[in-house]
Amino acid sequence: MERKILKEDSMGKIFVVGFGPGNKENMTIDALNAIEASDIIIGYTVYIELMKKMYPLKEYQSTPMRSEIERCRLCFEKAKEGKVVSLICSGDAGIYGMASPVLSLADEYDLHDITIIPGVTAAVSGGAVLGSPLTSDFCVVSLSNALTPWEVIVKRLKAAASGGFVTVLYNPRSKTRPGLLNEAIDIFINEGVSKDTPSGYVKNIGRDKQEYKILTLEELKTADIDMFTTVFIGNEETEVINDRLVTRRGYKI
Ligand code: SAH
């Protein structure tokens, strides 16, 4: 965060910032410092609106949902003008985020002053809302088939289910792909996971209208789940204890 040094250099720099679920309390100090040190903050429209509430006086530029690579290129263009740029991502910037494409474009722009700032990913912030579902081995699978073929996703879901992992599903539902979540649940049931397995979801974590529900694997099929929701499927050690979703760790309690 050495702004002085940067000012002596005609090149700017890029922070790729994971800002956590959406509330300031769940941002890291590194993320706050990066945003404060930035001349311009770039991101998806919804995230820019969240950030504007925290830092109303900053310069912002938002780009729509599907224009991720244009968004990354814009960061390099602004950095080439000598600006300190923060590209903001929800949760962690390296988990289904923009850190990877930014690092992949660095040679093209010959700009390597790039710092990745980690953030609290939805599995972690949502897990805390539900209780302690991720106590032991778990895995994360995105149901988005925009960049990953559905056959690959199916293979990974089968492996997660047969491996006995607690599984966190990102991108569980969208208007154009409403059936994927139910297909995923059927894969778990077909792999022998009980339809009564304690599971849960959290919507709008850390944002207005946060809500969560603990329910069974089968009940997830008819739950009100959208693209701002993270889904948790328990395993054989997962129980509901005082309305919390808890995966036991093998301690004798
Ligand atoms: N980089 C992000 C994930 C981006 S993929 C992270 O590390 O959390 C987008 C998916 O993440 C959403 O479809 C949803 O499943 C999950 N997600 C991200 N932020 C969320 C939030 N505040 N509340 C609930 N789910 C969230």
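See above for the structure.
Quick summary incoming for the structure in this document. (Residues numbered from 1 in each chain as written. Predicted model: local features only at pLDDT ≥ 70, side-chain atom pairs only at ≥ 80, totals over all residues. Heavy atoms only, no water.)

Focus: the nonpolar core
Inference 1: Of all hydrophobic cores here, the largest spans 25 residues; its most connected members are L143, L157, L169, F188 and L220.
Inference 2: Sorting the residues of this core by element identifies β7 (138-142), α7 (150-162), α8 (180-190) and β11 (229-233) as the ones contributing at least two each.
Inference 3: For L157, the contacting residues outside a window of four places in its chain are V141, L143, W150, L169, A184, I187 and F188. (Core = buried A, V, L, I, M, F, W, Y, C linked by side-chain atoms within 4.5 Å. Buried < 20%, exposed > 50% of the residue type's maximum accessible area, 1.4 Å probe, protein only. Helix = DSSP H or I, 4+ residues; strand = E, 2+ residues; numbered from the N terminus. Contact = heavy atoms within 4.5 Å.)

Overview of the side chain of T229
Inference 1: Along the chain, the position of T229 falls in strand β11.
Inference 2: One polar contact links T229 to D226, side chain to side chain, over a distance of 2.7 Å.
Inference 3: Those residues in contact with T229 that lie beyond four places of it in its chain are L169, P172, Y201, V202 and K203. (Polar contact = N/O pair within 3.5 Å; in protein donor to acceptor, adjacent residues only side chain to side chain.)

Notes on the sheet that holds strand β9 (residues 198-203)
Inference 1: Pairing in this open sheet of five strands is mixed, and the strands run β7-β8-β11-β9-β10 from one edge to the other. Two strands close off the open sheet at either side, each with one partner strand: β7 and β10 (211-216). The average angle at which neighbouring strand axes cross in this sheet is 20°, direction not considered.
Inference 2: Sheet analysis places strand β8 (residues 166-170) next to β11, joined by three bridges and oriented antiparallel. Pairing of L169 across the sheet is with V231, part of β11.
Inference 3: Contacts from helix α6 (residues 122-130) reach β7, β8, β9, β10 and β11 within the one sheet, and its direction differs from that of β11 by about 70°. (Pairing = 2+ DSSP bridges. Axes fitted to C-alpha atoms, helices over the stretch in contact; angles between N-to-C directions.)

Structural notes on the sheet that holds strand β13 (residues 244-247)
Inference 1: Read from one edge to the other, the open sheet built from three strands follows the order β6-β13-β12, with strand pairing classed as mixed. In this open sheet, the two strands that pair with only one neighbour each are β6 (131-132) and β12 (238-241).
Inference 2: Taken together, the two bridges between β6 and β13 define a ladder with parallel strand orientation. In the strand pairing of β13, G131 is matched with L245.

Quick notes on the pattern of salt bridges
Pairing between side chains of opposite charge can happen when their charged atoms approach one another.
Inference 1: Applying the stated rule across the entire model yields eight salt bridges.
Inference 2: A salt bridge links K13 to D113, with the nearest nitrogen and oxygen atoms 3.0 Å apart. Note that K13 is positioned in strand β1 (residues 13-18) and D113 in the loop between α5 (99-109) and β5 (114-117), a separation of 100 residues in sequence.
Inference 3: Classification of D113 as partly exposed rests on a relative accessible area of 32%.
Inference 4: Notably, a salt bridge pairs K221 with D186, separated by 2.7 Å at the nearest N-O pair. Of the two residues, K221 is situated in the loop between β10 and β11 and D186 in helix α8; the sequence distance between them amounts to 35 residues.
Inference 5: Judged by relative accessible area, which is 24%, K221 ranks as partly exposed.
Inference 6: Given the relative accessible area of 32%, D186 is considered partly exposed. (Salt bridge = Lys/Arg side-chain N within 4 Å of Asp/Glu carboxyl O.)

As for the pairing of β8
Inference 1: When you tally the buried positions in β8, you get five out of five residues, the bulk of the element.
Inference 2: Every second residue of β8 is oriented toward a common face, with V166, V168 and Y170 on one face and T167 and L169 on the other, all of them buried.
Inference 3: Where β7 meets β8, five bridges bridge the pair, whose relative direction is parallel. In the strand pairing of β8, V141 is matched with L169.

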